[in-house]
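# Structural characterization, general
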Amino acid sequence: MTLLASAASVQAAIPSPSQHTWYLGPVPVRAYALAILAGIAVAIWITTKRWVARGGDPDDVLDIAFWAVPFGIVGGRLYHVISTPEPYWGEGGDPVRALYVWEGGLGIWGAVALGAVGAWIGCRRKGVRLSSFADALAPGLLVAQAVGRLGNWFNQELFGAPTTLPWGLEVSPGVIERLNADTGTAFAAGTLFHPTFLYELLWNLGAAALLVWLDRRYRLGHGRVFWAYVALYTLGRVWIEMLRIDTAEHVLGLRLNVWTSIVVGLGALVAFVVIGRRHPEREDGVELPGRSRDRQDTEPDTESDTELDTMSTAHAGAAAGASGRDDGRDSGGGPHRADAGGPGPDQGPADRA
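Keep in mind the model is a prediction, meaning the values are calculated, not measured. (Residues numbered from 1 in each chain as written. Predicted model: local features only at pLDDT ≥ 70, side-chain atom pairs only at ≥ 80, totals over all residues. Heavy atoms only, no water.)

### Here's the deal with helix 10 (residues 256-278)
Between its first and last C-alpha atoms helix 10 spans 33 Å; for 23 residues at 1.5 Å apiece the expected length is 33 Å, and the two agree. Within helix 10, burial applies to Asn257, Val258, Thr260, Ser261, Gly265, Ala268, Ala271, Ile275 and Gly276. In this structure, the buried side of helix 10 is in contact with helix 3 (58-83), helix 5 (108-126), helix 9 (224-241) and strand 7 (254-255). (Helix = DSSP H or I, 4+ residues; strand = E, 2+ residues; numbered from the N terminus. Expected span 1.5 Å × (residues − 1). Buried < 20%, exposed > 50% of the residue type's maximum accessible area, 1.4 Å probe, protein only. Contact = heavy atoms within 4.5 Å.)

Structural data, given as structure tokens:
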């Protein structure tokens, strides 16, 4: 009976991976990094499909991601270090570990905030609306976050309080010892914990599906899909965060991330309603006003062309006059436009901006 009870206990628990790093010669391959990269790839694929459906150029997504992804990683790490300073600046902490992104620890709010700055730069360079791009990105961003949570599973981190539920997470004795030292508690070896990374993974996938349905049903635009993403994500993050027991900054008895989720979620809800009243319909195109894609990419700048024509005519007249004085004939040959001096056709107002 004892053996059967033990077997049932093992089957009822979610085991943690025994390894999170593999080596290709001297090069470490970390599960957390693979999960982040896989999430980014999936998000780009989903966003590209949605961006094209909204009338965008598929090449835009990679160009904007070139700016948004590095900004997002830096922002996510900064937020994590600020909101969880003890391992880096507390007693016995190591500030250098703040640079060890591969150990885990990317705060979503820092990633979204600074990633939005990078996306804004990319959108401005491409001449497209940030709000339109954010709407195309939102479901893919949730899926990316879900995939990234698998890295937390491999790292045996971001789990919740002890539980006797059949889907409790089993972690290694070393992780429990470290948790006891960090929190000052005494969890026994073999204790099962709420797999909060799994809860968030499932919540994110469900919210992504809901966003896609809402967007198709109501043709949301002007950033409303993105604000719906923020509202849905924060709604789940509040109760998931309150289950976690890892070290974090507390304000008025609640974890900092809980307060952040409440404030940001309410702000997103207000933005969703206000924008919906001002812009009940989806925008006509993804280009910024005055930055038509066809005009920017294929049509020369009218002002520059006029200047080129004037300068070419002047040069042609001068050449003809000189030729007439030399041999009494009109050569009829002016210089080529490329020799005329002024800006070329590709340097219109959009490019100078």
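### Some thoughts on the sheet that holds strand 4 (residues 169-170)
Taken together, three strands build an open sheet; the order of strands is 1-4-5 and the sheet is mixed. Each having just a single partner strand, strand 1 (14-15) and strand 5 (192-193) make up the two edges of the open sheet. When strand 4 meets strand 5, the two strands line up antiparallel, connected through two bridges. Residue pairing in the sheet places Glu170 in a bridge with Leu192 of strand 5. (Pairing = 2+ DSSP bridges.)

### Let's talk about the environment of Glu287
Locating Glu287 in the fold gives a position in the loop between helix 10 and helix 11 (293-298). What makes Glu287 partly exposed here is its relative accessible area of 22%. The sequence separation of Glu287 and Val128 amounts to 159 residues, and the corresponding C-alpha distance is 4.1 Å.

### Some thoughts on the side chain of Thr47
Looking at the secondary structure, you find Thr47 in helix 2 (residues 31-53). Classification of Thr47 as buried rests on a relative accessible area of 2%. Within polar-contact distance, the side chain of Thr47 engages the backbone oxygen of Ala43 at 2.6 Å. Those residues in contact with Thr47 that lie beyond four places of it in its chain are Val61, Phe133, Ala136 and Leu137. (Polar contact = N/O pair within 3.5 Å; in protein donor to acceptor, adjacent residues only side chain to side chain.)

### Describing the pairing of strand 3 (residues 27-30)
Across a regular strand the side chains alternate sides, sitting on one face of the sheet and then on the other. Both strand 2 (residues 21-24) and strand 3 contribute to a ladder of four bridges, which runs antiparallel. By the bridge assignment, Tyr23 is partnered in strand 3 with Pro28. Taking the residues that link successive antiparallel strands as the turn, the strand 2-strand 3 hairpin has two residues, and the phi of Gly25 there is positive, at about 65°.

### Points about a nonpolar patch on the surface
On the surface, Val251, Leu252, Trp259, Ile262, Val263 and Leu266 cluster together to form a nonpolar patch covering roughly 570 Å² of accessible area. Here the nonpolar patch gets four residues from one element, more than from any other, and that element is helix 10. Residue placement: Leu252 occurs in the loop between strand 6 (250-251) and strand 7. Here Leu252 falls in the exposed class, since its relative accessible area comes to 76%. (Patch = residues over 30% accessible without salt bridge, like charges linked within 9 Å, V, L, I, M, F, W, Y side chains within 5 Å. Areas by Shrake-Rupley, 256 points an atom, 1.4 Å probe, with all protein chains shown as cover. Salt bridge = Lys/Arg side-chain N within 4 Å of Asp/Glu carboxyl O.)

### Focus on the packing of aromatic side chains
Applying the stated criterion across every chain, the model contains 14 aromatic pairs. Ring geometry for Trp22 and Phe154: centres 6.1 Å apart, planes at 70°, overall edge-to-face. With Trp22 in strand 2 and Phe154 in helix 6 (residues 130-155), the pair connects residues that are 132 residues apart, well separated along the chain. By relative accessible area, which is 34% here, Trp22 ends up partly exposed. The class of Phe154 is partly exposed, set by a relative accessible area of 23%. Ring plane angle 65° and centroid distance 5.4 Å describe the contact between Trp153 and Phe154, whose orientation is recorded as edge-to-face. For Trp153, a relative accessible area of 24% corresponds to the partly exposed category. (Phe/Tyr/Trp six-rings, centres within 6.5 Å; stacked < 30°, edge-to-face > 60°.)

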